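One-letter residues, chain by chain:
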Amino acid sequence: MCNRYLWSPEPRPDGHDRRLARVVPLADVGCNAGIAQEEMLRVSAETLTVVDNRTGERYEVPIQDGTVKAMDFRRMRTSADDFGLMVYDPAFTNTASCRSEITFIDGDAGVLEYRGYPIEELAEKSTYLETAFLIVHGHLPSAAELKEWTHNITFHTFVHENVRRFMEGFRYDAHPMGVLVSSVAALSTFYPDAKDVDDAASRDLQTWRLIAKVPTLAAFAYRHSRGLPYVYPDNDLTFAGNFASMLWRMSESSYVASSVIERALNVLFILHADHEQNCSANAMRAVGSSRPDPFVATAAAAAALYGPLHGGANEAVLLMLNEIGDVRNVSEFVKHVKAGERRLMGFGHRVYKNYDPRARIIKATADEVFDVTGRNPLLDIALELERIALEDDYFIERKLYPNVDFYSGLIYQALGFPVEMFPVLFAIPRTAGWVAQWREMVTDPEQKIARPRQVYTGARGQKYVELGRR
Ligand code: ACO
């Protein structure tokens with residue numbers, strides 16, 4: 001005898017989850033005989049019918065927004081003391097962990113939108129600070145809102161002198177990303193008020209602090225790696241102009257960046273500001289879900305960004321292009337990639353199965369920057385790699401296209417940055433995205449502490465053996 005579980009919008013009298021209600025025994029129709037026609041009419045079209053062949057039970061699982069709830073599978077049990085079915089999804093390749101209104105990606109079509117605005121339009125018309133407001137607050141600011149937002153961010157660009165001293169303690173050759181991760185975490189100790197994550201005014205204050213101070217820490221990390229004195233913020237400048245000043249000012253009383261470079265920084269910052277549930281945004285949400293202050297959560301997100309499969313990829317691209325060394329060596333390198341011995345860094349993406357729209361914009365920006373800085377000689381190798389890869393069946397079949405990191409490193413290098421600075425430059429604008437994701441998470445009533453399940457495959461019931469007898 002097997003039972004039917006039908007979805008019903010009405011609460012069940014026994015108080016169980018109303019969305020998965022046991023309603024009809026299916027003895028007459030047979031467990032695998034399909035749903036009788038009249039019953040079919042009562043089954044919502046927006047459901048999934050699951051037959052558990054271990055028990056013969058049949059379930060109707062609601063489908064909402066193209067998803068089924070993993071918890072609905074927990075009710076599928078072989079006995080009363082069975083834990084119930086779990087879904088197994090290492091690396092979350094097919095699991096939505098949240099509802100979000102921030103960033104939309106259509107990976108097959110190569111579409112990226114922040115709050116519904118196409119990335120191409122923002123890159124062409126907006127500034128980083130305006131885009132950061134959009135990402136954080138959900139709408140383009142009015143002139144008054146932008147003025148206030150700009151003031152609030154600018155007002156918070158300085159860091160406590162002890163932060164500067166703390167940063168001086170790093171070794172001369174410390175990787176600037178390690179320096180950034182540590183110093184963002186250290187900000188937590190300067191702002192104990194940031195622990196009040198349920199207070200909206202506090203969240204706003206930490207938002208301004210993070211967006212404002214991360215460029216300062218990034219620039220200090222850069223100056224440290226060069227053995228140069230740190231340059232304090234110049235609040236008469238724009239966000240990008242001030243960052244350029246903190247990087248490159250020497251003895252002049254004020255530093256004014258070339259408008260092309262300032263614009264390029266804005267475009268790069270806009271393109272990197274958010275990218276929905278990527279590895280670092282997921283880290284921000286997961287760490288933030290246990291309700292620490294956003295500084296330590298941002299440090300965790302930045303640590304996730306550091307890896308070569310994420311924000312460290314543009315560093316890896318440059319190392320790869322240097323290793324190839326000459327256009328003539330490209331086809332030999334591609335052979336190694338196709339043999340599975342190497343990865344073509346800057347190619348492929350978990351979500352994009354088309355040309356990453358950010359890569360297209362960065363490629364165009366690179367030409368403008370090279371007009372000022374001179375052409376990066378590695379560009380020819382990159383262009384040849386892209387040409388060969390886009391014609392090759394290996395890459396076509398796997399839908400591997402250039403991602404945002406393929407060309408960004410070439411611009412950064414032309415601007416004089418060492419490769420170690422690349423993920424740091426990524427972290428500056430991504431701070432707005434992390435903060436927006438964090439704000440959305442802490443105010444989402446559906447969210448709880450992030451705590452996945454596991455499939456335990458280890459030993460059980462071992463007997464402890466004394467050290468001398470092992
Ligand atoms: N070079 C060569 N082959 C690749 C590459 C690559 N860059 N990326 C994926 N493949 C191949 C895989 O070997 C696999 O082939 P197979 O089916 O024969 O085994 C297939 O394409 C699918 O690859 P997965 O690793 O399953 O794809 P996944 O979605 O897990 O990985 C990732 C995405 C990590 C970005 C991957 O494409 C990669 O390592 N790229 C290089 C690193 C990089 O550029 N990262 C930056 C991403 S953008 C960002 O984070 C800002």
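Residues numbered from 1 in each chain as written. Predicted model: local features only at pLDDT ≥ 70, side-chain atom pairs only at ≥ 80, totals over all residues. Heavy atoms only, no water.

## Overview of the site of the ligand
Where we set the bar: Neighbouring residues are identified by heavy atoms, a residue being near a molecule or strand if any of them is within 4 Å of it. By the criterion applied in these results, polar contacts are pairs of N or O atoms within 3.5 Å in which, for protein atoms, one can donate a hydrogen and the other can accept it, and in which residues neighboring in sequence qualify only through two side-chain atoms. To measure how exposed things are, a 1.4 Å probe is used in the Shrake-Rupley method; for residues, cover is taken only from the protein chains shown. Three categories are distinguished: nonpolar for Ala, Val, Leu, Ile, Met, Phe, Trp, Tyr, Cys and Pro, charged for Asp, Glu, Lys and Arg, and polar for the others, with Gly belonging to the last.
Near the ligand, the surroundings consist of 19 residues, among which Arg343, Leu344, Gly346, Arg350 and Asn403 are the closest. Between the ligand and the protein, one listed contact pairs an oxygen atom with a side-chain N or O atom of arginine 343 at 2.7 Å. In isolation the ligand exposes 920 Å². Once the protein is present, 72% of that is buried. A class-by-class count of the residues in the shell around the ligand yields 10 nonpolar, five polar and four charged.

## Observations regarding a nonpolar patch on the surface
Selection criterion: A patch consists of residues exposed above 30% relative accessible area that lack any salt bridge, with like charges linked at up to 9 Å and nonpolar side chains (Val, Leu, Ile, Met, Phe, Trp, Tyr) linked at up to 5 Å. Here, a salt bridge means any Lys or Arg side-chain nitrogen found within 4 Å of an Asp or Glu carboxyl oxygen. The numbering of helices and of strands both runs from the N terminus, where a helix is a DSSP run of H or I of at least 4 residues and a strand a run of E of at least 2. When a residue's accessible area, from a 1.4 Å probe over protein chains only, is under 20% of the maximum for its type it is buried; when over 50% it is exposed; and in between it is partly exposed.
On the surface, a cluster of nonpolar side chains totalling about 440 Å² of accessible area is made up of Phe83, Met86, Tyr88 and Val455. Examined against the element boundaries, methionine 86 turns out to sit in the loop between α2 (70-73) and β5 (103-106). Residue classification places methionine 86 among the partly exposed residues on the basis of a relative accessible area of 34%.

## Focus: empty space enclosed by the protein
Rule in force here: With a 1 Å grid laid over protein atoms only, a set of points is called a cavity when a 1.4 Å probe fits there but cannot get out and a pocket when it is open yet has protein on both sides within 12 Å along at least five of seven lines; lining residues have an atom within 4 Å of a point. Grid points are joined across faces, edges and corners, and a volume is the space filled by probe spheres set on the points.
Throughout the structure, instances matching the rule amount to two cavities of 30 Å³ or more. Along the walls of the largest cavity sit Leu129, Ile153, Thr154, Thr157, Ala212, Pro215, Asp234, Asn235, Leu237, Thr238, Phe239 and Asn242, which together make up its complete lining. For the lining of the largest cavity, the residue count by class is six nonpolar, five polar and one charged. Of the volumes computed, that of the second largest cavity is approximately 30 Å³. In this structure, the second largest cavity is lined by Thr157, Phe158, Val159, Glu161, Thr216, Phe220, Tyr232 and Pro233. Grouping the constituent residues of the lining of the second largest cavity by class yields five nonpolar, two polar and one charged.

## Overview of the nonpolar core
Inclusion rule: By convention a nonpolar core is built from buried Ala, Val, Leu, Ile, Met, Phe, Trp, Tyr and Cys residues, the set being connected through side-chain atoms within 4.5 Å. Here, residues are in contact when the closest pair of their heavy atoms is within 4.5 Å.
Tyr128, Phe243, Met320, Leu385 and Phe417 are the most contacted members of the largest nonpolar core, which has 118 residues in total. Once residues within four sequence positions are removed from consideration, phenylalanine 417 is found in contact with Tyr222, Leu247, Trp248, Tyr412, Phe422 and Leu425. Formed by five residues, the second largest nonpolar core is a distinct cluster that contains Val50, Tyr59, Phe73 and Met76.

## Here we look at the environment of arginine 291
In this structure, arginine 291 sits in the loop between α11 (279-288) and α12 (294-306). Judged by its relative accessible area of 35%, arginine 291 falls in the partly exposed class. Considered as a pair, arginine 291 and leucine 210 are 81 residues apart in the sequence and their alpha carbons are 17 Å apart. In this view, arginine 291 contacts Val197, Asp198 and Val442; residues no more than four positions away in its chain are not counted. There is a polar contact of 2.7 Å between the side chain of arginine 291 and the side chain of aspartate 198.

## Some details on unusual backbone geometry
Residues other than glycine seldom take positive phi values, yet phenylalanine 92 does so here, at roughly 50°. Of note, phenylalanine 92 is situated in the loop between α2 and β5. Classification of phenylalanine 92 as partly exposed rests on a relative accessible area of 46%. Here glutamate 276, not a glycine, exhibits a phi torsion of approximately 40°, which is positive. Tracing the backbone through its elements, the reader meets glutamate 276 in the loop between α10 (259-271) and α11.

## A short note on the side chain of arginine 223
Tracing the sequence through the fold places arginine 223 in helix α8 (residues 200-226). A polar atom in the side chain of arginine 223 sits 2.9 Å from the backbone oxygen of leucine 247. Only 2.9 Å separates the side chain of arginine 223 from the backbone oxygen of arginine 249, close enough to count as a polar contact. Sequence-distant contacts of arginine 223, that is, excluding residues within four places in its chain, are made with Leu228, Pro229, Tyr230, Val231, Met246, Leu247, Trp248, Arg249 and Met250.

## Some details on the domain arrangement of the protein
To keep it simple, the criterion reads: Where each domain begins and ends follows an automated or database-derived domain assignment.
What the domain assignment reports for the protein is domain 1 (3-83) and domain 2 (89-444). Taking only C-alpha atoms into account, the centre of domain 1 sits 45 Å from that of domain 2.

## Description of the packing of helix α16 (residues 378-391) against helix α18 (residues 405-414)
The packing of two helices is summarised by the inter-axis angle and the distance between the axes. The test is simple: Under this scheme, a helix contributes an axis fitted over its contacting stretch, all axes are lines through C-alpha atoms, and angles between N-to-C directions fall in the 0 to 180 degree range. Here is the rule for angles: anything less than 35 degrees is roughly parallel, anything more than 145 is roughly antiparallel, 65 through 115 is roughly perpendicular, and the remaining ranges are oblique.
Contact pair α16 / α18: the axes reach a minimum separation of 11 Å and the direction vectors enclose 175°. By the angle between their directions, the pair α16 and α18 is classed as roughly antiparallel. Between α16, through Leu378, Leu379, Ala382, Leu383, Leu385 and Glu386, and α18, the contact on the second element is made entirely by Phe406, Tyr407, Leu410 and Gln413. Across the contact of α16 with α18, the residue classes break down as eight nonpolar, one polar and one charged.

## Notes on the sheet that holds strand β6 (residues 111-114)
Heads up, the rule is: Two strands are said to pair when DSSP picks up at least two bridges between them.
With respect to topology, three strands assemble into an open sheet ordered β5-β6-β7, the strand pairing being antiparallel. For this open sheet the edge positions go to β5 and β7 (117-118), each flanked by a neighbour on one side alone. Two elements, β5 and β6, share four bridges in a ladder whose sense is antiparallel. Paired with threonine 103 across the strands is tyrosine 114, a residue of β6.

## A few points about the pairing of strand β4 (residues 57-62)
Along β4, six of the six residues are buried, which leaves the element largely enclosed by surrounding structure. The alternating pattern of β4 places Glu57, Tyr59 and Val61 and Arg58, Glu60 and Pro62 on opposite faces, both of which are buried. Pairing of strand β3 (residues 47-52) with β4 involves six bridges; the strand directions are antiparallel. Within the sheet, the bridge partner assigned to aspartate 52 lies in β4 and is glutamate 57. Turn length for the β3-β4 hairpin, with the two strands adjacent in sequence and antiparallel, is four residues, and the turn residue glycine 56 shows positive phi of about 80°.

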